[in-house]
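# Overview (structure and organization)
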Amino acid sequence: MLGDTSFGDTVSGDRSDRRALILVENLSVPFDRRVWQECTTLRDAGWKVHVICPRGNKRDTEPEAEIDGVLIHRYPLRAATGGPAGYLREYGSALWHTVRLARKVGPVDVVHACNPPDLLFLPALWLKRRGARFVFDQHDLVPELYLSRFDRGEDLLYRAVCALERLTYRAADVVLATNESYRDVAVRRGGRRPADVFVVRSAPQIDRFQPVPPEPELKHSKPHLLCYLGVMGPQDGVDYALRALAKMRDELGRTDWHAVFIGAGDAFDAMVKLSRRLGLSEQVQFTGRIPDADLVRYLSTADVCLSPDPRNPLNDVSTMNKVLEYMAMGRPVVSFDLREARVSAGDAAVYAPANDEAEFAQLIALLLDDPEKRARMGKIGQERISGPLSWRNSQASLLAAYAAACRDHIPVSAGDPVRTGRRPRR
């Protein structure tokens, strides 16, 4: 149990004295599920946890909040538009607000920065000079993200993001990697010692993904329901899924399905337009973001779930949260053949050759015709989520990483007056 962890013995001082500050730029908290799980794990292990993150648009809108003992400090942030200049405005604003709020939080034992972008090492370095240890939580490989999202090749901006990644690796005391592929990058490209890189896998919150009785009306009078859940950005493959569905209708003659696409993102409007252009409007539904209860209703009713992320430098080595969430709900998955997709799903998914939309459509059709195989795959997925891929394993790795970062570290509450910000008594 977390409350019984021996981690407190690795750092001098009472556990309640330890303070962690988690920095996030690309999502609000607790909407960022991985970060929220890390927050609650650290809280249960005795840490006082602060988070600095942007405000959400429809949720997480309060500038200050205390949720389940976690103190959250949020700042206004306008997402980038208009190319590189837009990103400079976004990141410059985020860094300014992060430093402003970090001053308000005061001294901490650990600053825990989550990318993207690979710029949060700057406030982390400022806090390191004040005695904090720096944990780099690498959610994305930003150089691969740049290549996959913008299709500009290895230009000047690519070389810049590579340099920022190197600086972040160099500044960190320990690195958290989301899978073994990311860990390999941290060691090979980042020059980190293997002992300083800890795999902390993302995992679905089991209490959030509890199946409920299926609701046939969600199938819109069709025998089968297909479901996509996740972000809809340029690299997420929703366009591949839509073209595969069009092929399933036109080339396989299958119209015995309704499909629902749940989520939002930069490409949402473009995907709705593509669906219309392909003549899929009657069979494809876009919900946008929906409450958890509705999400569970759709996934509980779905016959097959879709993971159409195309192979590119980022997707091939990234763990897809949607695949883990499908598995938690006991749903069979159709995916392109990506390295980390196989590591996550194993036999809970079937795999089309990379970016082959016709084969992707064929595999959907085969699963629709084989309910026994769907049931077997769903059971395999649930067993993997409750076993080797469970958050319990990641909790242990997260706490081990903090123990390594804080080895021989004096808690800020026990430090000298200058370091803790307290004035000496006269």
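Note that this is a predicted model, so its numbers are computed, not measured. (Residues numbered from 1 in each chain as written. Predicted model: local features only at pLDDT ≥ 70, side-chain atom pairs only at ≥ 80, totals over all residues. Heavy atoms only, no water.)

With that out of the way, let us pick up the packing of aromatic side chains. All told, the structure shown has eleven aromatic pairs when counted by the stated rule. Relative to Phe 150, the ring of Tyr 87 lies with its centre 6.0 Å away and its plane at 90 degrees, an arrangement referred to as edge-to-face. With Tyr 87 in helix H2 (residues 84-105) and Phe 150 in helix H4 (residues 142-150), this residue pair connects regions lying 63 residues apart in the sequence. Residue class for Tyr 87 comes out partly exposed when judged on its relative accessible area of 27%. Considering the side-chain rings of Phe 336 and Phe 360, the 4.8 Å spacing of their centres and the 45 degrees angle between planes classify their relative orientation as tilted. Here Phe 336, found in strand E13 (residues 333-336), pairs with Phe 360, found in helix H12 (residues 357-368); they are 24 residues apart in sequence, far enough to count as distant. Here Phe 336 and Phe 360 have matching classes, each one buried. Site record: aromatic cluster; members linked through ring pairs are Tyr 87, Tyr 91, Tyr 146, Phe 150 and Tyr 158. Arg 243 extends its terminal NZ or CZ atom over the ring of Tyr 240, reaching a point 5.0 Å from the ring centre. (Phe/Tyr/Trp six-rings, centres within 6.5 Å; stacked < 30°, edge-to-face > 60°. Helix = DSSP H or I, 4+ residues; strand = E, 2+ residues; numbered from the N terminus. Buried < 20%, exposed > 50% of the residue type's maximum accessible area, 1.4 Å probe, protein only. Lys NZ or Arg CZ within 6 Å of the ring centre and 35° of its normal.)

With the rule as written, the count across this model stands at zero disulfides. In this structure Cys 114 is not part of a disulfide, and its nearest cysteine sulfur, from Cys 39, lies 8.1 Å away. For Cys 114, a relative accessible area of 1% gives the class buried. Unpaired in terms of disulfides, Cys 406 finds its nearest cysteine sulfur in Cys 114, a separation of 16 Å. Cys 406 gets classed as buried once you look at its relative accessible area, which sits at 1%. (Disulfide = S-S within 2.5 Å.)

Another point: the layout of surface pockets. The volume enclosed by the second largest pocket comes to roughly 280 Å³. Lining the second largest pocket are 17 residues, and of these Pro 204, Gln 205, Ile 206, Ile 385 and Arg 392 sit closest to its centre. Broken down by secondary-structure element, the contributors of at least two residues to the lining of the second largest pocket are helix H13 (371-386) and helix H14 (391-405). Tallied by class, residues from the lining of the second largest pocket come to eight nonpolar, seven polar and two charged. (1 Å grid on protein atoms, 1.4 Å probe; cavity = no way out; pocket = protein on both sides within 12 Å on 5 of 7 lines; lining within 4 Å. Points joined across faces, edges and corners; volume = space filled by probe spheres on them. Nonpolar A, V, L, I, M, F, W, Y, C, P; charged D, E, K, R; others polar.)

Bringing the side chain of Arg 192 into the picture now. As for its position among the elements, Arg 192 is in the loop between helix H6 (180-188) and strand E8 (197-199). Polar contacts involving the side chain of Arg 192 include one to the main-chain carbonyl oxygen of Tyr 169, which spans 2.4 Å. Those residues in contact with Arg 192, other than ones at most four positions away along the chain, are Tyr 169, Arg 170, Ala 172, Asp 173, Val 174, Val 175, Ala 186, Val 187 and Val 197. (Polar contact = N/O pair within 3.5 Å; in protein donor to acceptor, adjacent residues only side chain to side chain. Contact = heavy atoms within 4.5 Å.)

A word on H13. In this model, H13 (16 residues) spans 23 Å end to end at C-alpha, consistent with the 22 Å of a helix rising 1.5 Å per residue. Residues Arg 374, Met 377, Gly 378, Gly 381 and Ile 385 constitute the buried set of H13. An end-on view of H13 places all buried positions within 100 degrees of arc, on one side of the element. For H13, the exposed residues lying more than 90 degrees away from the buried face are Glu 372, Ala 375, Arg 376 and Lys 379. (Expected span 1.5 Å × (residues − 1). Arc of directions from axis to C-beta.)

So, on to the sheet that holds strand E10 (residues 257-262). In space, the six strands of this open sheet follow the order E11-E10-E9-E12-E13-E14, with parallel pairing throughout. Strands at the two margins of the open sheet, each flanked by one partner only, are strand E11 (284-288) and strand E14 (349-352). In this sheet, adjacent strand axes meet at a mean angle of 25 degrees when their direction is disregarded. Inspection of the sheet shows strand E9 (residues 224-229) paired to strand E12 (residues 304-307) by two bridges, in the parallel sense. Looking across to E12, one finds that Cys 227 is bridged to Cys 305. This element, helix H7 (residues 238-250), spans E9, E10, E11, E12 and E13 of the sheet and lies at about 175 degrees to E10. (Pairing = 2+ DSSP bridges. Axes fitted to C-alpha atoms, helices over the stretch in contact; angles between N-to-C directions.)

So, to be careful, I would describe these as geometric facts and stop short of saying anything about function.
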